[in-house]
Amino acid sequence: MAKDNTGLHHQTEARRKKLTLVLGVSGLCILFYVLGAWQTSNVPASFSKIGCETQSNPSSTTSSSSSESADLDFKSHNQFEFKETNLTIKNFEPCDLSLSEYTPCEDRQRGRRFDRNMMKYRERHCPSKDELLYCLIPPPPNYKIPFKWPQSRDYAWYDNIPHKELSVEKAVQNWIQVEGDRFRFPGGGTMFPRGADAYIDDIARLIPLTAGGIRTAIDTGCGVASFGAYLLKRDIMAVSFAPRDTHEAQVQFALERGVPAIIGIMGSKRLPYPARAFDLAHCSRCLIPWFKNEGLYLMEVDRVLRPGGYWILSGPPINWKQYWRGWERTEEDLKKEQDSIEDVAKSLCWKKVIEKGDLAIWRKPINHIECKKLKQNNNSPPICSLDDNNNADFAWYKDLESCITPLPETNNPEESSDGALEDWPDRAFAVPPRIIRGTIQDINAEKFREDNEVWKERIAYYKKIVPEISHGRFRNIMDMNAHLGGFAASMLKYPSWTMNVVPIDAEKQTLGVIYERGLIGTYQDWCEGFSTYPRTYDMIHAGGLFSLYENKCDLTLILLEMDRILRPEGTVVMRDNVEMLTKVERIAKGMKWNTQIVDHEKGPYNPEKILVAVKTYWTGQPSNNNNNNNN
């Protein structure tokens, strides 16, 4: 009997131990789950570059010139387990080194097929399907990370843009000088031999340049963009543009300096900017024939100028009485040209502010009340009639028109037809006139302010996953799908500028709003190449871009274009749904990019995710055996 009781006791004791073990294990599981949940609520590990040092002074050099990649330390704190696919990653080979400065839509050989009339051969002509490249545009063999701003304004590495032509051709004008292994930019220009700084001071004595009312500018035929570079210290943001022509790489030099610029030309098409975008337009011996085609080019300047905006002209024919011999033109010819420009400006209802020395300045009216009265007697050129098929803001492959773009209606002769803009810097976060007037569907003042708050939160989060933002690592930034410009506005506190791109396929065309905020940007079809040189941006942001273009063109080509634009060791931040980002990540890994998908700033349960990628440092090799074949 005792034996039976002893057995029962052992069974009871065993059950008790088993129950204790189960409870203990369960307790540990719950503890680890809580700890894990707490851990995932923290910010994901940031990118840590190993062995990648950026150059911050003229004596710095890049430690590696091979195609070896810089590693990233990824520490994923993601609750989601992304499904791995069995699809193999396709590795893209470097293109031939001869394509190191390839600009797909401004290829000079392709351009020769087109008419030279109105410079059509230098406009955008993108490759056909069988001309597309499925390879990586290589940096030159000795490529170095550019100088940091503000040092980059004055210096660039020779090996990054190995072209001495301008230093010889423009030697007397102080555009650019070669000093050992680098270029130096003295700040000179054809019409400002004393330097851009002094030239801008001359302008500031004639118009209120630095009072905050002038924020956005366009510089036509910009050279190496010294005018735009020295406007920046006065809080004026200029879009500088020039064609890819015999003045080799002038836009490339500008961007290497950290100055906003884009390849472009005043030809037969509208400039890729909305109406009423710029407070100031500038031409310093830009060689644009303003007096030809019945003033068609000045009509385009009028379209992109804001009400009350200024047009500044220096160089031929201004001050022709002093310079006509040096310009190797007759007095009669130059006088006729200036008279023609004066007549066109008058026909646009502009008023001449002043002509003094080498400068002449006109001003666009603040509204068209008086202009409409004048046009009753002389209707040449007429005021354009706008409808759904002729939108003043639409400017993508749109032919120039021989008419004056009408300003929004107002009944008060003293009131700006575009609505009052705040002075800079208040302009950046004030509700833009286009939103106040209700011209952007479903966007009102409240939604605009909400968007600003969203981007403040997002940039705070970006700083944690990409700490280099706070350290001034990125100077030239592009937002490929800018919407209202909230990303760029929230980045204003850093030493950077943002090219806000509004895709022509976007549901809302908001580029006019972006300019009314005192920011800059352009239109773009991302099924085509962007009008810039390779390696001209430090950071690219793309929110919802791939979902937008998923059924429009090959996403691989968009990513290859991003790689062309991005500098070695540059960073890309993409936002999209997780399925799209995993597809994009697989392509990006084949382009020598290091990648990591992290959670949305609101947490792991938001279906939108963020893909952060870093382009590794590698350079082309001086060989003719690199693959540049199309797939």
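Enquirer: How should I be thinking about the packing of aromatic side chains in this particular structure?
Expert: Centre distance and the angle of the planes are the two values used to describe a pair of aromatic rings. For the structure shown, the criterion picks out 19 aromatic pairs. Relative to phenylalanine 278, the ring of tyrosine 273 has its centre 5.4 Å away and its plane inclined at 85°; by these criteria the two rings are edge-to-face. Neither residue differs from the other here; tyrosine 273 and phenylalanine 278 are each classed as buried. A centroid spacing of 6.5 Å and a plane angle of 70° characterise the contact between tryptophan 455 and tyrosine 462, whose relative ring orientation is edge-to-face. Classification of tyrosine 462 by relative accessible area gives buried; the value is 0%. A network of ring pairs unites the aromatic residues Tyr158, Phe183, Phe185 and Phe253 as a single cluster. Looking at lysine 456, its charged tip hangs above the ring of phenylalanine 429, at a distance of 5.8 Å from the centre. A cation over an aromatic ring shows up here: lysine 592 above the ring of tryptophan 618, its NZ or CZ 5.4 Å from the ring centre.

Enquirer: What should I look at first to understand the sheet that holds strand S11 (residues 351-356) in this one?
Expert: Pairing between sheet strands relies on hydrogen bonds along the backbone, with the strands arranged either parallel or antiparallel. In space, the 7 strands of this open sheet follow the order S8-S7-S6-S9-S10-S12-S11, with mixed pairing throughout. Of all strands in the sheet, those bounded by a partner on one side alone are strand S8 (261-263) and S11. Sheet twist, expressed as the mean angle between neighbouring strand axes with direction ignored, is 20°. Relative to strand S10 (residues 305-314), strand S9 (residues 278-284) is paired through 6 bridges, and the arrangement is parallel. Residue pairing in the sheet places histidine 282 in a bridge with isoleucine 312 of S10.

Enquirer: Help me out: how do you make sense of the sheet that holds strand S5 (residues 182-184) in this one?
Expert: The 3 strands lie next to each other as S3-S5-S4, forming an open sheet whose pairing is antiparallel. The open sheet is flanked by strand S3 (155-157) and strand S4 (177-179), the only strands paired with a single partner. The sheet shows a mean angle of 35° between the axes of neighbouring strands, direction not considered. For S4 and S5, the ladder comprises 3 bridges, and the chain directions are antiparallel. By the bridge assignment, valine 178 is partnered in S5 with phenylalanine 183.

Enquirer: What am I meant to see in the state of the cysteines here?
Expert: Every disulfide links exactly two cysteines, by a covalent bond between their sulfur atoms. A full pass over the atoms with the stated rule returns 6 disulfides. Residue cysteine 95 pairs covalently with cysteine 135 via a disulfide, S to S 2.0 Å. Looking down the S-S bond of the cysteine 95 and cysteine 135 bridge, the torsion is 100°, so its handedness is right-handed. Taken together, the residues cysteine 95 in the loop between strand S2 (71-72) and helix H2 (108-111) and cysteine 135 in the loop between H2 and S3 connect sequence positions 40 residues apart. The class for cysteine 95 is buried, based on a relative accessible area of 0%.

Enquirer: Could you clarify how one ought to interpret the environment of alanine 238 in this entry?
Expert: Residue placement: alanine 238 occurs in strand S7 (residues 237-242). Residues alanine 238 and histidine 282, spaced 44 residues apart in sequence, show a C-alpha to C-alpha distance of 9.6 Å.

Enquirer: How do you make sense of the pairing of S10 when you look at a structure like this?
Expert: In summary, the side chains of a regular strand alternate between the two faces of the sheet. Within S10, 10 of the 10 residues are buried, which leaves the element mostly enclosed by the surrounding structure. Traced from S9 through helix H7 (residues 296-304) to S10, the parallel crossover comes out right-handed. Relative to strand S12 (residues 359-363), S10 is paired through 5 bridges, and the arrangement is antiparallel. Looking at S12, one finds that serine 314 is bridged to leucine 359.

Enquirer: It is not clear to me how the confidence of the model for the protein should be interpreted in this structure. Could you clarify?
Expert: Caution is warranted with low-pLDDT regions, since their predicted coordinates should not be read in detail. Residue-level pLDDT values for the protein average 87, and 83% of them are 70 or greater. For residues 1-10, every residue scores under 50 in pLDDT, and the model assigns this stretch 0 contacts once sequence neighbours within four places are set aside. Considering only residues more than four positions removed or in separate chains, one finds that residues 37-86, a stretch of pLDDT under 50, has 113 contacts.

Enquirer: Please explain the nonpolar core as it appears in this structure.
Expert: One broad rule of soluble globular proteins: the nonpolar side chains tend to lie buried together. Formed by 117 residues in total, the largest nonpolar core has its most connected members in Trp290, Trp311, Trp526, Phe546, Met562, Met574 and Trp593. Those residues in contact with tryptophan 526, other than ones at most four positions away along the chain, are Met478, Met480, Val501, Pro503, Leu545, Tyr549, Cys553, Ile558, Glu561 and Ile565.

Enquirer: Just to check I follow, could you spell out unusual backbone geometry for this structure?
Expert: Leaving glycine aside, a negative phi is the common case for residues, and trans is the common case for peptide bonds. Here the residue pair tryptophan 149 and proline 150 is connected by a cis peptide bond, since its omega of 10° sits within 30 degrees of zero. Here the amide bond leading from proline 316 into proline 317 is cis, since omega sits at 5°, within 30 degrees of zero. Within the element layout of this structure, proline 317 appears in the loop between S10 and helix H8 (320-323). One non-glycine residue, aspartate 235, lies in positive phi territory at about 60°. Note that aspartate 235 resides in the loop between helix H5 (226-231) and S7. Judged by its relative accessible area of 45%, aspartate 235 is partly exposed. At asparagine 293, a position not held by glycine, the phi torsion is positive, near 55°. Within the secondary structure layout, asparagine 293 lies in the loop between S9 and H7.

Conventions and cut-offs
Residues numbered from 1 in each chain as written. Predicted model: local features only at pLDDT ≥ 70, side-chain atom pairs only at ≥ 80, totals over all residues. Heavy atoms only, no water. Phe/Tyr/Trp six-rings, centres within 6.5 Å; stacked < 30°, edge-to-face > 60°. Buried < 20%, exposed > 50% of the residue type's maximum accessible area, 1.4 Å probe, protein only. Lys NZ or Arg CZ within 6 Å of the ring centre and 35° of its normal. Pairing = 2+ DSSP bridges. Helix = DSSP H or I, 4+ residues; strand = E, 2+ residues; numbered from the N terminus. Axes fitted to C-alpha atoms, helices over the stretch in contact; angles between N-to-C directions. Disulfide = S-S within 2.5 Å. Right-handed = clockwise from strand over helix to strand, strands pointing away. pLDDT = per-residue confidence, 0-100. Contact = heavy atoms within 4.5 Å. Core = buried A, V, L, I, M, F, W, Y, C linked by side-chain atoms within 4.5 Å.

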